[in-house]
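# Observations on the model geometry
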Amino acid sequence: QKEVEQNSGPLSVPEGAIASLNCTYSDRGSQSFFWYRQYSGKSPELIMSIYSNGDKEDGRFTAQLNKASQYVSLLIRDSQPSDSATYLCAVNFRGNAGKSTFGDGTTLTVKP
Amino acid sequence: DGGITQSPKYLFRKEGQNVTLSCEQNLNHDAMYWYRQDPGQGLRLIYYSQIVNDFQKGDIAEGYSVSREKKESFPLTVTSAQKNPTAFYLCASTPWGRGTGGSTEAFFGQGTRLTVV
């Protein structure tokens, strides 16, 4: 079993719809959770970080964390074609403040 | 501008040859990391360094070597022992790497694409 698992893709949504990306992790003591966006051939860029249970909103993006269920999600509202990319979930396990474990990513395509 | 610079952007390696990928940061970050990414997959940790003159193996260190002689620099050597080195290599840094507090996201360089010819 992988330490960080993401829902298998690819995911395709129409423009203007809500895209939902999911991630589960194995270490109950994990402290920090990140969502990165990676365009094809480029390096990952941080779009959201979340550290405590609940929702965190930033513009069209909402991260949701449920530590009891070991689950973190990313919602993208009003999806745009420019949101088409691979989204990587990353988790920092306890005792490793800087070292992230990444999921395999979910590729999102937003169709005009 | 502060950031992480990787070079070269593209690198071609012949069979049996060692090659070195450069990573330099001017963010004054303590910790630096090397990840490998294969098509359709996430990032896998090769080596990381939390402090100068110290580094640790990651999940896939075999066939790779690193050094951390300066805080700003963390070069990765892909040796001939790495039998399948074709991949996208990403260098990253974080302000700190030890302990459980102050966790932070990683800052990435633009990557080096290595191809065996």
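As a reminder, the structure under discussion sits directly above these lines.
Presented here is a report on the structure given in the accompanying data block.

In terms of regular secondary structure, chain A is built from zero helices and 11 strands. Written out in order from the N terminus, the α and β elements of chain A read β-β-β-β-β-β-β-β-β-β-β. Taken over C-alpha atoms, the radius of gyration comes to 13 Å for chain A, in line with the 13 Å a tight globule of 112 residues would show. In terms of overall dimensions, chain A has a C-alpha envelope of 45 × 30 × 25 Å along the principal axes. Considering only residue pairs separated by 6 or more positions, chain A has 53% of its internal contacts joining residues 24 or more positions apart. For chain A, the accessible surface area stands at approximately 5000 Å², while carbon and sulfur atoms represent 46% of it.

Turning our attention to the state of the cysteines. Following the criterion strictly, the structure yields two disulfides over all chains and no others. Note on cysteine connectivity: Cys-23 of chain A is disulfide-linked to Cys-89 of chain A, with sulfurs 2.1 Å apart. With the S-S bond torsion at -75°, the cross-link from Cys-23 of chain A to Cys-89 of chain A turns out left-handed. With a gap of 66 residues between them, Cys-23 of chain A in strand β3 (residues 19–25) and Cys-89 of chain A in strand β9 (residues 85–92) connect regions that are remote in the sequence. Given a relative accessible area of 0%, Cys-89 of chain A falls into the buried group. Between the sulfur of Cys-23 of chain B and that of Cys-91 of chain B lies a disulfide, 1.9 Å long from S to S.

With the rule as written, the count across this model stands at 12 aromatic pairs over all chains. Ring centres of Phe-102 of chain A and Tyr-35 of chain B lie 5.3 Å apart, and the angle between their planes is 80°; on these two criteria the pair is classed as edge-to-face. Here Phe-102 of chain A is found in strand β10 (residues 100–102), whereas its partner Tyr-35 of chain B is found in strand β4 (residues 31–37) on a different chain. The residues Phe-102 of chain A and Tyr-35 of chain B share a single accessibility class, namely buried. Taking 6.1 Å as the distance between ring centres and 45° as the angle between the ring planes, the aromatic pair formed by Tyr-35 of chain B and Phe-108 of chain B counts as tilted. Residue Tyr-35 of chain B is found in strand β4, and its partner Phe-108 of chain B is found in strand β10 (residues 107–108); the two are separated by 73 residues along the sequence. The structure contains a cluster of three or more aromatic residues connected by ring pairs, namely Phe-34, Tyr-36, Tyr-51 and Phe-102 of chain A together with Tyr-33, Tyr-35, Tyr-48 and Phe-108 of chain B. The residue whose ring lies beneath Arg-113 of chain B is Phe-88 of chain B, and the NZ or CZ to ring-centre distance is 4.4 Å.

Here the focus is unusual backbone geometry. Between Ser-7 of chain B and the following residue, Pro-8 of chain B, the backbone shows a cis peptide bond with an omega angle of -5°. Looking at where Pro-8 of chain B falls in the secondary structure, it is placed in the loop between β1 (4–7) and β2 (10–13). A positive phi angle, close to 45°, is found at Asp-78 of chain A, a residue other than glycine. Relative to the assigned elements, Asp-78 of chain A resides in the loop between β8 (71–76) and β9. For Asp-78 of chain A, a relative accessible area of 42% translates into the label partly exposed. Unlike most non-glycine residues, Asn-53 of chain B shows phi in positive territory, near 65°. Position of Asn-53 of chain B relative to the elements: it lies in the loop between β5 (43–51) and β6 (54–57).

Definitions and cut-offs
- Every chain is numbered on its own, with residues counted from 1 as its sequence reads.
- Ligands are numbered from 1 and chains lettered from A, in the order in which they are written.
- Totals for whole chains, interfaces and linings use all residues, but because this is a predicted model, local features are given only for residues with pLDDT of at least 70 and pairs of side-chain atoms are given and counted only at 80 or more.
- Heavy atoms from the whole structure form the basis of all side-chain values; hydrogens and water molecules are not counted.
- Each helix is a run of H or I in the DSSP string that is no shorter than four residues. Each strand is a run of E no shorter than two, and both are numbered from the N terminus.
- Put simply, the radius of gyration uses C-alpha atoms, and a globule should come to 2.2 Å times the residue count raised to 0.38.
- Contacts are assigned to residue pairs with any non-hydrogen atoms lying within 4.5 Å of each other.
- Using a 1.4 Å probe, the Shrake-Rupley method yields the accessible areas, and only the shown protein chains count as cover for residues.
- Sulfur atoms of two cysteines make up a disulfide when they are within 2.5 Å.
- The buried label goes to any residue with under 20% of its type's maximum accessible area, the exposed label to any with over 50%, and the partly exposed label to all in between, with areas taken from a 1.4 Å probe on protein chains only.
- Think of it this way: a Phe, Tyr or Trp ring, Trp meaning its six-membered ring, pairs with another when their centres are within 6.5 Å, and the plane angle makes it stacked under 30 degrees, edge-to-face over 60, tilted otherwise.
- Whether a charge sits over a ring comes down to the Lys NZ or Arg CZ being within 6 Å of the ring centre and within 35 degrees of the ring normal.

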